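Chain by chain, the residues:
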Amino acid sequence: MKRSSKRWPRPRNASTRCRPKSYLVQLTRHQLTEPQSELVPLLMHCTNDAERIADHTEIILQLTERLTKTDKKISEAGRKDLKKMWEVLNDQQKNVIAALGSDNPETLKFALKDQRKISKMADKFESNHIDRLRKGNCLMANGIIFIEMLGELEKIGAHLENIAERTPEIQKHYIEL
């Protein structure tokens, strides 16, 4: 594909440099090539997903603080489940980043496969948790926080999946730029 000679406009001020969405909004006010104008909404959606990942991460931190302040603990089995899920999420984010920088469709498959795995893990770990509650191996109050953490981790995975799903279109425009 032919590379465009039109350059991307530079941010107007330093504060915009650290806020990607603001920069992308500014871009829409300029005359862009067709590939550039098609790419901006994709990048806005990805930026929104990245911001939502940060929101979910903040909620996880708040849940952790709640546990700490009340001297409550998640059971050892629950901590192991959360750790396993976190490891898969870590792999997923690595695969999403790799997919964004690659034109290899296999990299994208890994990122999407990770999300399916995360969803299955969340269901399994919630079921395991209910069994622990029935057996009296953990407390209800701690269990609620555990379930909330599982939900937040699953949501992070879903936002990573959203970015991964946009990757082929982003790659197409990258080549056209």
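Worth saying up front: this structure is predicted, and the values here are computed from it rather than measured. (Residues numbered from 1 in each chain as written. Predicted model: local features only at pLDDT ≥ 70, side-chain atom pairs only at ≥ 80, totals over all residues. Heavy atoms only, no water.)

**Overview of the overall build of the chain**
Then step 1. What the chain contains, in helices and strands, is six helices and zero strands.
Then step 2. In the chain, the succession of α and β elements from N to C terminus is α-α-α-α-α-α.
Then step 3. Put simply, the chain has 177 residues, and 38% of those count as buried.
Then step 4. Nonlocal contacts in the chain, meaning residues at least 24 apart in sequence, comprise 73% of its contacts between residues at least 6 apart.
Then step 5. Summing over all exposed atoms, the chain offers an accessible surface of approximately 11200 Å²; the carbon and sulfur share of this is 54%. (Helix = DSSP H or I, 4+ residues; strand = E, 2+ residues; numbered from the N terminus. Buried < 20%, exposed > 50% of the residue type's maximum accessible area, 1.4 Å probe, protein only. Contact = heavy atoms within 4.5 Å. Areas by Shrake-Rupley, 256 points an atom, 1.4 Å probe, with all protein chains shown as cover.)

**Here's the deal with the environment of L160**
Then step 1. Counting through the fold element by element, L160 comes out in helix 6 (residues 140–176).
Then step 2. When the C-alpha positions of L160 and A111 are compared, they lie 8.0 Å apart, and in sequence the two are 49 residues distant.

**Observations concerning the nonpolar core**
Then step 1. One finds L82, M85 and M149 to be the most contacted residues of the largest nonpolar core, which totals 31 residues.
Then step 2. Those elements giving two or more residues to this core turn out to be helix 3 (34–69), helix 4 (76–100), helix 5 (105–135) and helix 6.
Then step 3. In terms of residue count, helix 6 provides more of this core than any other element does, 10 residues in total. (Core = buried A, V, L, I, M, F, W, Y, C linked by side-chain atoms within 4.5 Å.)

**A closer look at the pattern of salt bridges**
Then step 1. Following the criterion strictly, the structure yields eight salt bridges and no others.
Then step 2. Residues E148 and R66 are paired through a salt bridge, measuring 3.9 Å at the closest nitrogen-oxygen approach. Separated by 82 residues along the polypeptide, E148 in helix 6 and R66 in helix 3 bring together distant segments of the chain.
Then step 3. Owing to a relative accessible area of 31%, E148 belongs among the partly exposed residues under this scheme.
Then step 4. Its salt-bridge partner being E106, residue K109 comes within 3.1 Å of it at the nearest N-O pair. Here the residue K109 and the residue E106 both occupy positions in helix 5, the gap between them amounting to three residues, near one helical turn. (Salt bridge = Lys/Arg side-chain N within 4 Å of Asp/Glu carboxyl O.)

**Some details on the packing of aromatic side chains**
Then step 1. In this structure the tally under the stated criterion is zero aromatic pairs.
Then step 2. A cation sits over an aromatic face here: R132 above F146, 5.4 Å from the ring centre. (Phe/Tyr/Trp six-rings, centres within 6.5 Å; stacked < 30°, edge-to-face > 60°. Lys NZ or Arg CZ within 6 Å of the ring centre and 35° of its normal.)

**Side note on the confidence of the model for the chain**
Then step 1. Mean pLDDT for the chain: 82, with 80% of residues reaching 70 or above.
Then step 2. When mean pLDDT is taken per element in the chain, helix 4 scores highest with 93 and helix 1 (residues 14–17) scores lowest with 44.
Then step 3. Scored below 50 in pLDDT, residues 1–5 makes nine contacts in the model with residues more than four places away or belonging to other chains. (pLDDT = per-residue confidence, 0-100.)

**A look at a positive patch on the surface**
Then step 1. A cluster of basic residues, K113, R116, K117 and K120, forms a positive patch at the surface.
Then step 2. Position of K113 relative to the elements: it lies in helix 5. (Patch = residues over 30% accessible without salt bridge, like charges linked within 9 Å, V, L, I, M, F, W, Y side chains within 5 Å. Lys, Arg positive; Asp, Glu negative; His and termini not counted. Charge placed at Lys NZ, Arg CZ, Asp CG, Glu CD.)

**Examining the packing of helix 4 against helix 5**
Then step 1. Between helix 4 and helix 5, the shortest axis-to-axis distance is 8 Å and the interhelical angle comes to 170°. The angle between helix 4 and helix 5 places the two elements in the roughly antiparallel class. Once helix 4 is placed against helix 5, the crossing between them reads as left-handed.
Then step 2. Grouping the constituent residues of the contact of helix 4 with helix 5 by class yields 14 nonpolar, six polar and six charged. (Axes fitted to C-alpha atoms, helices over the stretch in contact; angles between N-to-C directions. Parallel < 35°, antiparallel > 145°, perpendicular 65-115°, else oblique. Left-handed = near helix turned anticlockwise from the far one by under 90°. Nonpolar A, V, L, I, M, F, W, Y, C, P; charged D, E, K, R; others polar.)

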